[in-house]
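These are the residues of each chain, in order.
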Amino acid sequence: MRTVEETMGRWMVGILVAAAGLSGCSSDSTVLVPGGGGPAAPVALDVRYYDRSVVVTWELSGAWNGEPFRVYAAPEGGAYVLVAEVTNCSDGLCSYTDVNIQPGATYTYYVASVGFDGVETPTAEALVITVPRVYLYLDGESFLLGETDSEGFLDELAENGLTYEYFVTALDEYGHESAGSGSGFGTPRPDFHGEYLYDFFAVPESSGFIFRDDESLDPLVSGTDPLRHFRLETDAQGWWLVPGPGVSVYPQGFETTALRCGPGSDAFCVALDEAPQSGYVADDLGLQTQTTYVLRVPGDDNRLRYAALRVQVLGFDQDDAPLMIFDWSYQLQPGNPALAPVTGKGVRIR
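Keep in mind the model is a prediction, meaning the values are calculated, not measured.

**Digging into the state of the cysteines**
Right, on to step 1. In this structure the tally under the stated criterion is one disulfide.
Right, on to step 2. Sulfur-sulfur distance for the disulfide between Cys-89 and Cys-94 comes to 1.9 Å. Handedness here is read from the sign of the S-S torsion; for Cys-89 and Cys-94, about 105°, the answer is right-handed.
Right, on to step 3. On the basis of relative accessibility, which here comes to 28%, the residue Cys-89 falls in the partly exposed class.

**What about the environment of Ala-202?**
Right, on to step 1. Tracing the backbone shows Ala-202 in the loop between strand S17 (191-198) and strand S18 (208-209).
Right, on to step 2. In this structure the C-alpha to C-alpha distance between Ala-202 and Leu-323, which are 121 residues apart in sequence, comes to 9.1 Å.
Right, on to step 3. Non-local contacts of Ala-202, meaning those with residues more than four positions away in its chain, are made with Ala-321 and Pro-322.

**A closer look at the packing of aromatic side chains**
Right, on to step 1. This model, assessed by the stated rule, comprises 19 aromatic pairs.
Right, on to step 2. Taking the centre distance of 5.6 Å and the plane angle of 65° together, the rings of Tyr-250 and Tyr-280 count as edge-to-face. Placement of the pair is Tyr-250 in the loop between strand S22 (248-249) and strand S23 (254-255) and Tyr-280 in the loop between S23 and strand S24 (285-286), with a sequence separation of 30 residues.
Right, on to step 3. Its relative accessible area of 11% is what places Tyr-280 among the buried residues.

**Some remarks on the nonpolar core**
One broad rule of soluble globular proteins: the nonpolar side chains tend to lie buried together.
Right, on to step 1. The biggest cluster of nonpolar side chains holds 22 residues, and the ones touching the most others in it are Phe-211, Phe-230, Leu-295 and Leu-309.
Right, on to step 2. When residues of this core are traced back to their parent elements, those giving at least two are strand S20 (230-235), strand S21 (238-243), strand S25 (291-298), strand S26 (304-316) and strand S27 (322-330).
Right, on to step 3. The dominant element in this core, judged by the number of residues it contributes, is S27, at four residues.
Right, on to step 4. The contacts of Leu-309, once residues within four sequence positions are left out, are Phe-230, Leu-241, Thr-291, Thr-292, Tyr-293, Leu-295, Phe-326, Asp-327 and Trp-328.
Right, on to step 5. The next biggest cluster of nonpolar side chains, apart from the first, holds 20 residues, and it includes Leu-45, Ala-73, Val-86 and Val-111.

**Re the sheet that holds strand S4 (residues 43-49)**
Right, on to step 1. Pairing is antiparallel in the open sheet, where three strands are placed in the order S4-S5-S8. Every interior strand has two partners, whereas the edge strands, S4 and strand S8 (93-98), have only one. On average, each strand axis in the sheet is tilted by 15° relative to the strand beside it, whichever way the strands run.
Right, on to step 2. Pairing geometry for S4 and strand S5 (residues 54-59), over five bridges, is antiparallel. Opposite Val-47, over in S5, you have Val-56 as the bridge partner.

**Some points on the sheet that holds strand S19 (residues 220-221)**
Right, on to step 1. The sheet built from five strands is open, its strands ordered S19-S18-S20-S21-S24 with antiparallel pairing. Edge strands, defined here as strands with exactly one partner in the open sheet, are S19 and S24.
Right, on to step 2. The pairing of S21 with S24 spans two bridges and is classified as antiparallel. Opposite Leu-241, over in S24, you have Leu-285 as the bridge partner.

**Quick word on the pairing of strand S11 (residues 125-130)**
Side-chain positions along a regular strand alternate between the two faces of the sheet.
Right, on to step 1. Most of S11 sits out of view: five of its six residues are buried.
Right, on to step 2. In this structure, strand S9 (residues 106-114) lies alongside S11, joined through four bridges in antiparallel fashion. When the sheet's bridge partners are listed, Tyr-109 is paired in S11 with Leu-127.

**Structural notes on unusual backbone geometry**
Right, on to step 1. Positive phi, normally seen in glycine, also occurs at Ala-44, with a value near 55°.
Right, on to step 2. Examined against the element boundaries, Ala-44 turns out to sit in strand S4.

**Quick look at the pattern of salt bridges**
Right, on to step 1. Under the definition given, this model contains four salt bridges.
Right, on to step 2. In this structure, Arg-70 and Glu-120 form a salt bridge, with 2.5 Å as the shortest nitrogen-oxygen distance. On the criterion of sequence distance, the pair formed by Arg-70 in strand S6 (residues 69-75) and Glu-120 in strand S10 (residues 119-122) is long-range, its members being 50 residues apart. One exposure class covers both Arg-70 and Glu-120, and it is buried.

**Quick look at a negative patch on the surface**
Right, on to step 1. There is a patch of like negative charges on the surface, built from Asp-213, Asp-214, Glu-215 and Asp-300.
Right, on to step 2. Looking at the secondary structure, you find Asp-213 in the loop between S18 and S19.
Right, on to step 3. On the basis of relative accessibility, which here comes to 53%, the residue Asp-213 falls in the exposed class.

**Let's talk about the confidence of the model for the protein chain**
Right, on to step 1. Summary statistics for the protein chain give a mean pLDDT of 78 and a share of 69% for residues scoring 70 or more.
Right, on to step 2. When pLDDT is averaged over each helix and strand of the protein chain, the minimum, 26, is found for strand S2 (residues 17-18) and the maximum, 98, for S20.
Right, on to step 3. Residue range residues 1-31 is modelled with pLDDT below 50. Its contacts to residues more than four positions away, or to other chains, number 69 contacts.
Right, on to step 4. Contacts from residues 341-350, a stretch scored under 50 in pLDDT, to residues over four places away or in other chains number 48 contacts.

Reading the values: the criteria
Residues numbered from 1 in each chain as written. Predicted model: local features only at pLDDT ≥ 70, side-chain atom pairs only at ≥ 80, totals over all residues. Heavy atoms only, no water. Disulfide = S-S within 2.5 Å. Buried < 20%, exposed > 50% of the residue type's maximum accessible area, 1.4 Å probe, protein only. Helix = DSSP H or I, 4+ residues; strand = E, 2+ residues; numbered from the N terminus. Contact = heavy atoms within 4.5 Å. Phe/Tyr/Trp six-rings, centres within 6.5 Å; stacked < 30°, edge-to-face > 60°. Core = buried A, V, L, I, M, F, W, Y, C linked by side-chain atoms within 4.5 Å. Pairing = 2+ DSSP bridges. Axes fitted to C-alpha atoms, helices over the stretch in contact; angles between N-to-C directions. Salt bridge = Lys/Arg side-chain N within 4 Å of Asp/Glu carboxyl O. Patch = residues over 30% accessible without salt bridge, like charges linked within 9 Å, V, L, I, M, F, W, Y side chains within 5 Å. Areas by Shrake-Rupley, 256 points an atom, 1.4 Å probe, with all protein chains shown as cover. Lys, Arg positive; Asp, Glu negative; His and termini not counted. Charge placed at Lys NZ, Arg CZ, Asp CG, Glu CD. pLDDT = per-residue confidence, 0-100.

Laid out in structure tokens, this is it:
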């Protein structure tokens, strides 16, 4: 942490410094008055990184008289620039969010009160922050992917069916970067929420299901379709998942609260992250709500892939036809049991 005087290296006690001396700050008529002589200085300055932006906050001095504020920023080794003017504060707390930042770069911020005569009084100190970063390792080279100060990072550019290797570095407030962490791997896959399927004996043409790798293709098929991965049947004993030709199921379900967990999930979210790799059978499987079931299905290349469905509702429509509402996911890589951690088409790094 450095004071404004130390950071700018241009203060002289008792001397007014013209704003023209701060490149791009303000007009030539504006002057800065460190340590008094102008409006009350902002207090409790703080800077933090959040969601690809730097959030600058400060509080109103007890002697504040309605003056507006100016936010200044300087990249490492560069001059201060006026980045914002703030006129409204809520409950004594003021803030500005700076989105014009670069990953891995270091910035210094301070805020000044602006008197009605143009005189500025800066905060007692300027604060330094370094934007953090995440790397993607691909084809023998590492690429800077992004930055975060949270417990995770979402790669929304990842493609379904491809495996990515990631590592993370840490930065201190002076921009010193640590060695990379151990590598983590992620393979995103398609998923869908709120799918429905009818009982084969009630609506046979909408009772079969095929796990799709293309969202433009309808996964609902006839219960007699030879390519179906499964169909839904009901009888007096309950609701049944009936595997299609060449498909096997894991004979027990997993109690879960969601198909997947990730950003925005409940704190106690429970999901099945990985499919069992053995023990599959070709038997009918009894279904329960709030439960995830795993299937092993042949792809177009006849290689086996893992898929999961989570039952939300077992009920009836307005015509009393039995139906199931469920979420599903389909791993595109043959033999890869990873069902999470993912979010949509992105890879979540934790």
